[in-house]
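Listed below are the residues making up each chain.
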Amino acid sequence: MTKSDMRAEESAERPLVATLLISSSAQDYFNQLRQQHFPADRNYLDAHLTLFHALPDQPWVIEDLSGLAKEHTPFNVKAEAVVSLGRGTAFKIVSPELSAIHQTLRKRWHDRLTAQDQQKRNFHITIQNKVEPHIAKKLQSELTPSFEPFEFAVSGIHLWRYLGGPWEYVTTIYFDHFFTSPVM
């Protein structure tokens, strides 16, 4: 096996996960709920809003994301509802900008994506998973009556290397903060 083949094999085994950089107040809120309700023996990640689950660990991923980020400014998303994952609980996240970014990248990378990442995304932030369905339903019935939809900011994309459970931080790519002012 050549060195290049070994790197390609390692990349396939350790894909990149792309998540969105969300406001610190929203991150704290979702992390707190995750700490309270996610099974402790499986909770080794912070709450996250996944853009792609398994990208190739190749330089073109960072290059493409950096180019895309220059075309976008930070935007708001909305936590719209508490939703069931069957054996877990999440918050449904909606945003036209988020859907557009995902669709653009999905079309561009279609032949390089896993079957899961080729699909249209139902964006969500998981706060509970891998529990018995009755436990998940109980949490949903506790959270839903007082839940009010709220918005929070997304300002970039985190890349992580999947390590068979835990993730290793790779980089953060920020959306362009440059705003042009009208010509006077």
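Chains are numbered independently. Their residues run from 1 in the order of the written sequence. pLDDT decides what is reported in this predicted model: residues at 70 or higher carry local features, side-chain atom pairs at 80 or more are listed and counted, and totals for whole chains, interfaces and linings draw on all residues regardless. Just so you know, side-chain values use all the structure's heavy atoms and leave hydrogens and water out.

### Some remarks on the overall build of the protein chain
Where helices and strands are cited, they refer to DSSP runs of H or I of at least four residues and of E of at least two residues respectively, numbered from the N terminus. If you tally the helices and strands in the protein chain, you get 6 helices and 7 strands. Reading the secondary structure of the protein chain in the N-to-C direction produces α-β-α-β-α-β-β-α-α-β-α-β-β. Counting across all 184 residues of the protein chain, residues that qualify as buried make up 41%. Residue pairs in contact within the protein chain that sit at least 24 positions apart in sequence constitute 76% of those at least 6 positions apart. Using a 1.4 Å probe on the protein chains alone, a residue whose accessible area is under 20% of its type maximum counts as buried, one over 50% counts as exposed, and one in between counts as partly exposed. Residues count as neighbours in contact if any of their non-hydrogen atoms are within 4.5 Å of one another.

### Concerning the side chain of T50
One can find T50 in strand 2 (residues 50-55). If near-sequence neighbours (up to four positions away) are discounted, T50 is found in contact with V17, A18, T19, L20, R121 and F123.

### Observations concerning the packing of aromatic side chains
The pairing test for Phe, Tyr and Trp rings, Trp by its six-membered ring, is centres within 6.5 Å, and the orientation test on the planes gives stacked under 30 degrees, edge-to-face over 60, and tilted for anything in between. Inspection of every chain in the model, using the stated rule, returns 14 aromatic pairs. Ring geometry for W160 versus W167: centroids 5.9 Å apart, planes at 45°, classification tilted. Residue class for W167 comes out buried when judged on its relative accessible area of 19%. Counted as over-ring charges are cases with an Arg CZ or a Lys NZ within 6 Å of the ring centre that also lie within 35 degrees of the ring normal. Over the ring of W60 we find R112; its NZ or CZ atom is 4.1 Å from the centre of that ring.

### Some words on the pairing of strand 6 (residues 150-162)
On any regular strand, side chains alternate: one points to one face of the sheet, the next to the other face. Note that strand 1 (residues 16-22) and strand 6 share 7 bridges and pair antiparallel. Note on strand 6: the bridge partner recorded for V17 is W160. Two strands make a pair as long as DSSP finds a minimum of two bridges between them. Relative to strand 6, strand 3 (residues 75-84) runs antiparallel, the two sharing 5 bridges. Across the sheet, V77 pairs through a bridge with F152, a residue of strand 6. Here 7 bridges tie strand 6 to strand 7 (residues 167-174), and the two strands are oriented antiparallel to one another. Within the sheet, the bridge partner assigned to R161 lies in strand 7 and is E168. Hairpin geometry of strand 6 and strand 7 is characterised by an intervening segment of 4 residues between the two adjacent antiparallel strands and by a positive phi of about 80° at G164.

### Examining the pattern of salt bridges
Criterion for a salt bridge: a side-chain nitrogen of Lys or Arg within 4 Å of a carboxyl oxygen of Asp or Glu. Counted under the stated rule, the structure contains 6 salt bridges. In this structure, E80 and K92 form a salt bridge, with 3.5 Å as the shortest nitrogen-oxygen distance. A residue pair is termed long-range when its members are at least 10 positions apart, and E80 in strand 3 and K92 in strand 4 (residues 89-94) qualify at 12 residues. Among the salt bridges present, the one from E142 reaches K138, with a minimum N-O distance of 2.7 Å. Remark: K138 and E142 occur in helix 6 (residues 133-143); sequence separation between them is 4 residues, near one turn of the helix. Note on E142: relative accessible area 44%, which makes it partly exposed.

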